[in-house]
Amino acid sequence: MTRGNGVELGLNTFGDLTVDEEGRKLSYAQVIRGIVEQAVLADQVGVDSFGVGEHHRDDFAVSAPEIVLAAIAARTERIRVGTAVTVLSSDDPVRVFERFATLDAISRGRAEIILGRGSFTESFPLFGYDLKDYDQLFSEKAELMARLLTEGPVTWSGSVRPRLDNQQVFPKTESGRIRTWVGVGGTPESVVRAARLGFPVILGVLGGRPARFAPFVELFHRALEQAGHERLPAAVNSPGFVAETDDEAFETLWPYARATMDRIGAERGWPPLRREDFEYQVHEGSWYVGSPETVARKIARTIAEVGVQRFDLKFSTGALPHPALLRTIELYGTEVIPRVRKLVAPDTP
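Since this is a predicted model, take the numbers as computed values, not measurements.

Rules and cut-offs
Residues numbered from 1 in each chain as written. Predicted model: local features only at pLDDT ≥ 70, side-chain atom pairs only at ≥ 80, totals over all residues. Heavy atoms only, no water. Helix = DSSP H or I, 4+ residues; strand = E, 2+ residues; numbered from the N terminus. Rg over C-alpha atoms; globule rule 2.2 N^0.38 Å. Buried < 20%, exposed > 50% of the residue type's maximum accessible area, 1.4 Å probe, protein only. Pairing = 2+ DSSP bridges. 1 Å grid on protein atoms, 1.4 Å probe; cavity = no way out; pocket = protein on both sides within 12 Å on 5 of 7 lines; lining within 4 Å. Points joined across faces, edges and corners; volume = space filled by probe spheres on them. Nonpolar A, V, L, I, M, F, W, Y, C, P; charged D, E, K, R; others polar. Right-handed = clockwise from strand over helix to strand, strands pointing away. Axes fitted to C-alpha atoms, helices over the stretch in contact; angles between N-to-C directions. Parallel < 35°, antiparallel > 145°, perpendicular 65-115°, else oblique. Left-handed = near helix turned anticlockwise from the far one by under 90°. Contact = heavy atoms within 4.5 Å. Polar contact = N/O pair within 3.5 Å; in protein donor to acceptor, adjacent residues only side chain to side chain. Core = buried A, V, L, I, M, F, W, Y, C linked by side-chain atoms within 4.5 Å. Salt bridge = Lys/Arg side-chain N within 4 Å of Asp/Glu carboxyl O. Expected span 1.5 Å × (residues − 1). Phe/Tyr/Trp six-rings, centres within 6.5 Å; stacked < 30°, edge-to-face > 60°. Lys NZ or Arg CZ within 6 Å of the ring centre and 35° of its normal.

## With respect to the overall build of the chain
Part 1 of the reasoning: For the chain, the helix and strand inventory stands at 11 helices and 12 strands.
Part 2 of the reasoning: A globule of 349 residues ought to have a C-alpha radius of gyration of about 20 Å, and the chain, at 19 Å, matches this closely.
Part 3 of the reasoning: If you line up the chain on its principal axes, its C-alpha atoms span 60 × 50 × 40 Å.
Part 4 of the reasoning: Here the chain holds 349 residues, and 56% of them are scored as buried.

So, in structure tokens, the structure goes:
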């Protein structure tokens, strides 16, 4: 699955509601069209994959990412198109498979799914699910999804949806399998479950030193071996922003990051984001903010320390204007990615 010098480098967005350069709030429709333009640019500048999140709340524009991804697939040639993440717990695995098999046809085999439980929970009451079933919903549906991805007859029974008896699901894909990951937040149980079901993992590393997640990758490979599965890739997903210089990147992102973290923090009981905490995440933690050289070196260091084969940068944070997002995509594709591939090459000192 890797490209270049053995590493895959992607981008993803949650489709945050953004503002224009005069600070005026854009409509949901404008943001969605902007995401398509961002993905087209990512394809042109050599990014390996482009993910779109699923949310069901007023500060994000995308609740049906597969439709946005289909529009992207029709206008791109090589980039992988996927979710970041599909909230499987409040969806139906059969419908998820059908939608992504269709996307795979449109994209000529470039579709991928990242399954997750979701860090936001608005979809649960929206679709009639009880949060007390949070773990059971994902566990059972992930097991069913693993069977559906074999593209053969499926027999399955559980408590969260009607049983299937030797049931075929259509359309089938040309390759015979949709590339599918599980997004995990860094709990041992989530890592072991993904390994048991034979899914590669993407670690959401949102704070603290990235190296602390290396034990989870080691646990993942041990669990794969114990389950009798072949070795599968692991990845890291973290937020970031690229500009011409370190100072420009930091000062541009800071007010948007603070507003976003404070808004979410007010819902979850977090204290307001202090500038010194943001500085720590940028310089020592898991935010990849700076010039192309700074960001590339930090990504390469994370790949080496954590032991992963893929890195995804969440390039949208809060109401960052569309032109700033386009510029960070351009710099990521044309300058960061070549630097990272050179730094992680086997013959690099």
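## Here's the deal with the pairing of strand β10 (residues 234-242)
Part 1 of the reasoning: By the criterion of burial, β10 is predominantly enclosed, with 9 of the 9 residues buried.
Part 2 of the reasoning: The side-chain alternation of β10 yields two buried faces, one formed by Ala234, Val236, Ser238, Gly240 and Val242 and the other by Ala235, Asn237, Pro239 and Phe241.
Part 3 of the reasoning: As judged from the 4 bridges shared by strand β9 (residues 201-204) and β10, these two strands associate in the parallel manner. Residue pairing in the sheet places Leu203 in a bridge with Val236 of β10.
Part 4 of the reasoning: Note: β10 against strand β12 (residues 310-314), 5 bridges, orientation parallel.

## Structural notes on empty space enclosed by the protein
Part 1 of the reasoning: Throughout the structure, instances matching the rule amount to 1 cavity of 30 Å³ or more.
Part 2 of the reasoning: What lines the largest cavity is Glu54, His55, His56, Val87, Phe120, Glu122 and Ser123.
Part 3 of the reasoning: In the lining of the largest cavity, the residues fall into 2 nonpolar, 3 polar and 2 charged.

## Focus: the pairing of strand β8 (residues 179-184)
Part 1 of the reasoning: Of all the 6 residues making up β8, 5 are buried; the element is thus mostly covered by neighbouring parts of the structure.
Part 2 of the reasoning: Relative to β9, β8 runs parallel, the two sharing 3 bridges. Residue Val184 lies in a different strand from β9, and its bridge partner there is Leu203.
Part 3 of the reasoning: Chirality of the crossover, the property in question, places the unit of β8, helix α6 (residues 188-197) and β9 among those that are right-handed.

## Description of the packing of helix α3 (residues 93-106) against helix α5 (residues 134-148)
Part 1 of the reasoning: Running from N to C, α3 and α5 point in directions that differ by 40 degrees, and their axes come no closer than 9 Å. Comparing the axis directions of α3 and α5 gives the class oblique. In this structure, α3 meets α5 at a crossing whose hand is right-handed. The residues of α5 that touch α3, namely those facing Pro93, Val94, Val96 and Phe97, are Lys141, Leu144, Met145 and Leu148.
Part 2 of the reasoning: Classifying every residue of the contact of α3 with α5 gives 7 nonpolar, no polar and 1 charged.

## Some thoughts on the side chain of Asp20
Part 1 of the reasoning: Mapped onto the fold, Asp20 is located in the loop between β1 (8-13) and α1 (28-44).
Part 2 of the reasoning: What makes Asp20 buried here is its relative accessible area of 18%.
Part 3 of the reasoning: Polar contacts involving the side chain of Asp20 include one to the side chain of Arg24, which spans 2.8 Å.
Part 4 of the reasoning: When neighbours within four sequence positions are excluded, Asp20 is seen to be in contact with Leu26 and Pro321.

## Some remarks on the nonpolar core
Part 1 of the reasoning: Membership of the largest hydrophobic core comes to 99 residues, with the highest contact counts inside it found for Phe50, Ile72, Ile299 and Tyr332.
Part 2 of the reasoning: The greatest single-element share of this core, amounting to 8 residues, is contributed by helix α11 (residues 322-344).
Part 3 of the reasoning: Once residues within four sequence positions are removed from consideration, Ile72 is found in contact with Ile35, Val36, Ala39, Phe50, Val52 and Val81.

## Let's talk about the pattern of salt bridges
Part 1 of the reasoning: The full count for this structure, using the stated rule, is 33 salt bridges.
Part 2 of the reasoning: A salt bridge links Arg57 to Glu122; the nearest nitrogen and oxygen atoms lie 2.8 Å apart. Separated by 65 residues along the polypeptide, Arg57 in the loop between β2 (49-52) and α2 (65-75) and Glu122 in the loop between β5 (111-116) and α4 (123-126) bring together distant segments of the chain.
Part 3 of the reasoning: Judged by its relative accessible area of 12%, Arg57 is buried.
Part 4 of the reasoning: Asp277 is the salt-bridge partner of Arg274, the closest N and O atoms lying 2.9 Å from each other.
Part 5 of the reasoning: Residue Asp277 is classed as partly exposed on the basis of its relative accessible area of 30%.

## So, α1
Part 1 of the reasoning: With 17 residues, α1 ought to run about 24 Å at 1.5 Å a step, and its terminal C-alpha atoms sit 25 Å apart, in line with that.
Part 2 of the reasoning: All buried positions along α1 are accounted for by Val31, Gly34, Ile35, Val36, Gln38, Ala39, Val40, Leu41, Ala42 and Asp43.
Part 3 of the reasoning: Looking at the packing, one finds that the buried side of α1 touches β1, β2, α2 and α11.

## Here we look at the packing of aromatic side chains
Part 1 of the reasoning: Evaluated as defined, the whole model comprises 9 aromatic pairs.
Part 2 of the reasoning: Centroid distance Phe250 to Phe278: 4.9 Å. Interplanar angle 50 degrees. Geometry classified as tilted. Note that Phe250 is positioned in helix α8 (residues 246-268) and Phe278 in helix α9 (residues 275-283), a separation of 28 residues in sequence.
Part 3 of the reasoning: Grouping aromatic residues by their ring pairs yields a cluster made of Phe250, Trp254, Phe278 and Trp287.
Part 4 of the reasoning: In this structure, Lys172 is placed above the aromatic ring of Phe170, and the distance from its NZ or CZ to the ring centre is 4.9 Å.
Part 5 of the reasoning: Taking the ring centre of Phe14 as reference, the NZ or CZ of Lys314 above it sits at 4.7 Å.

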